[in-house]
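Residue-level structure breakdown
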Amino acid sequence: MKPSQRAPQPPPSAPTSSRAIVDPATTALLAAAREIFEAGGLPELSVRRVAEMAGCTTMQVYSRFGGKDGLLQALFDEGFEALSSAQQAVPKALPAQERVRRLCHEYLRIAAERPHHYALMLGAHSGDFKPPQASHERALATLAHLVNAVGQALPPTLDREQRASEVAHQILAFCHGWAMLSATRIVEGSRTLVVDRAVAALLGKDTA
């Protein structure tokens, strides 16, 4: 290479997302957003309120989260992370029907303890917010625990894998309906025996 020639420079690396850097302002903003959201839900959440509670500027919200939608995405992911952790804590060594029952109880517990997160997770969005594909995939992954447990609880037939998916979705639909009815006080959410019997019926098990 001639002295006058310069070695080609590598392309600049992509800028690191400010969301990926956990600094005190990011932590404070997310904590403020969570506190406001858990107290009053979507109607109470705003960039200005979050910034004021965190002792930050609105510009810091935009630079770290991109605005309100970024805060909602963080809360959306947070809800499914809580659900995933709760499901992973259910021992896989349990008898299959018991594991399905415990997974349902954990689902309903998260829905009851985090009602605003739960509403956001199930579609209560605001403005133009739409969870990105990666968030959708992480959300769908939480169903895998239930499908696996249901598959183990069903008899070993040729279509067991397909049946496991169908029955898991039926159980999920029941749990979602029960969670919504419990939230509006139409049913008593603590009546776990009713939930257990419904799950057993969907599994085709005798509860007598």
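The preceding data block contains the structure.
Residues numbered from 1 in each chain as written. Predicted model: local features only at pLDDT ≥ 70, side-chain atom pairs only at ≥ 80, totals over all residues. Heavy atoms only, no water.

At a minimum axis distance of 8 Å, the contact between helix α8 (residues 143-153) and helix α9 (residues 160-183) shows a crossing angle of 120°. Considering the angle they form, α8 stands oblique to α9. Considering how the two elements wind past one another, α8 and α9 form a crossing that is right-handed. Residue-level inspection shows Leu143, Leu146, Val147, Val150 and Gly151 of α8 in contact with α9, the latter providing Arg160, Ala164, Ser165, Val167, Ala168, His169, Ile171 and Leu172. Partitioned by chemical class, the residues of the contact of α8 with α9 number 9 nonpolar, 3 polar and 1 charged. (Axes fitted to C-alpha atoms, helices over the stretch in contact; angles between N-to-C directions. Helix = DSSP H or I, 4+ residues; strand = E, 2+ residues; numbered from the N terminus. Parallel < 35°, antiparallel > 145°, perpendicular 65-115°, else oblique. Left-handed = near helix turned anticlockwise from the far one by under 90°. Contact = heavy atoms within 4.5 Å. Nonpolar A, V, L, I, M, F, W, Y, C, P; charged D, E, K, R; others polar.)

Further remarks concern the pattern of salt bridges. When the charged atoms of two side chains with opposite charge come close together, those side chains can pair. Summed over the entire model, instances satisfying the criterion amount to 9 salt bridges. We note a salt bridge from Arg49 to Glu44, for which the minimum N-O separation is 3.0 Å. Given the relative accessible area of 35%, Arg49 is considered partly exposed. For the salt bridge of Arg101 with Glu98, the shortest nitrogen-to-oxygen distance reads 2.6 Å. (Salt bridge = Lys/Arg side-chain N within 4 Å of Asp/Glu carboxyl O. Buried < 20%, exposed > 50% of the residue type's maximum accessible area, 1.4 Å probe, protein only.)

According to the stated counting rule, one finds 0 disulfides in the structure shown. The thiol of Cys175 is unpaired, and the distance to the nearest cysteine sulfur, on Cys104, comes to 3.6 Å. Given a relative accessible area of 2%, Cys175 falls into the buried group. (Disulfide = S-S within 2.5 Å.)

Attention shifts here to the packing of aromatic side chains. The description of an aromatic ring pair rests on the distance of the ring centres and on the angle between the ring planes. Under the defined criterion, the tally for this structure stands at 4 aromatic pairs. On the numbers, 6.4 Å between centres and 70° between planes, the contact of Phe76 with Phe129 is edge-to-face. Here Phe76, found in helix α4 (residues 68-88), pairs with Phe129, found in the loop between α6 (115-121) and α7 (133-141); they are 53 residues apart in sequence, far enough to count as distant. For Phe76, a relative accessible area of 2% corresponds to the buried category. You can call Phe129 buried: its relative accessible area is 5%. Pairwise contacts between aromatic rings join Phe76, Phe80 and Phe129 into one cluster. (Phe/Tyr/Trp six-rings, centres within 6.5 Å; stacked < 30°, edge-to-face > 60°.)

This part takes up α8. Leu143, His145, Leu146, Ala149, Val150, Gly151 and Ala153 are the residues of α8 that are buried. Residues of α8 that are buried sit in contact with α4, α5 (96-113), α7, α9 and α10 (192-203).

As a further point, take the environment of Tyr62. With respect to the helices, strands and loops of the structure, Tyr62 is situated in helix α3 (residues 58-65). For the pair Tyr62 and Val47, spaced 15 residues apart in the sequence, the C-alpha separation amounts to 8.3 Å. Leaving out residues up to four positions away in the same chain, Tyr62 has contacts with Val47 and Gly67.

For the rest of this paragraph, the subject is the side chain of Arg99. Considering the arrangement of structural elements, one finds Arg99 in helix α5. Although buried, Arg99 forms no salt bridge, and the nearest oppositely charged side chain, Glu98, lies 11 Å from it. Not counting residues within four places of it along the chain, the set of residues in contact with Arg99 comprises Val90, Pro91, Lys92, Leu94, His145, Asn148, Ala149 and Gln152. (Lys, Arg positive; Asp, Glu negative; His and termini not counted.)

Turning next to the nonpolar core. Counting 55 residues, the largest nonpolar core has Val50, Val100, Leu146, Val150, Ile171 and Leu203 as its most contacted members. Broken down by element, this core gets its largest block of residues, 9 residues, from α4. (Core = buried A, V, L, I, M, F, W, Y, C linked by side-chain atoms within 4.5 Å.)

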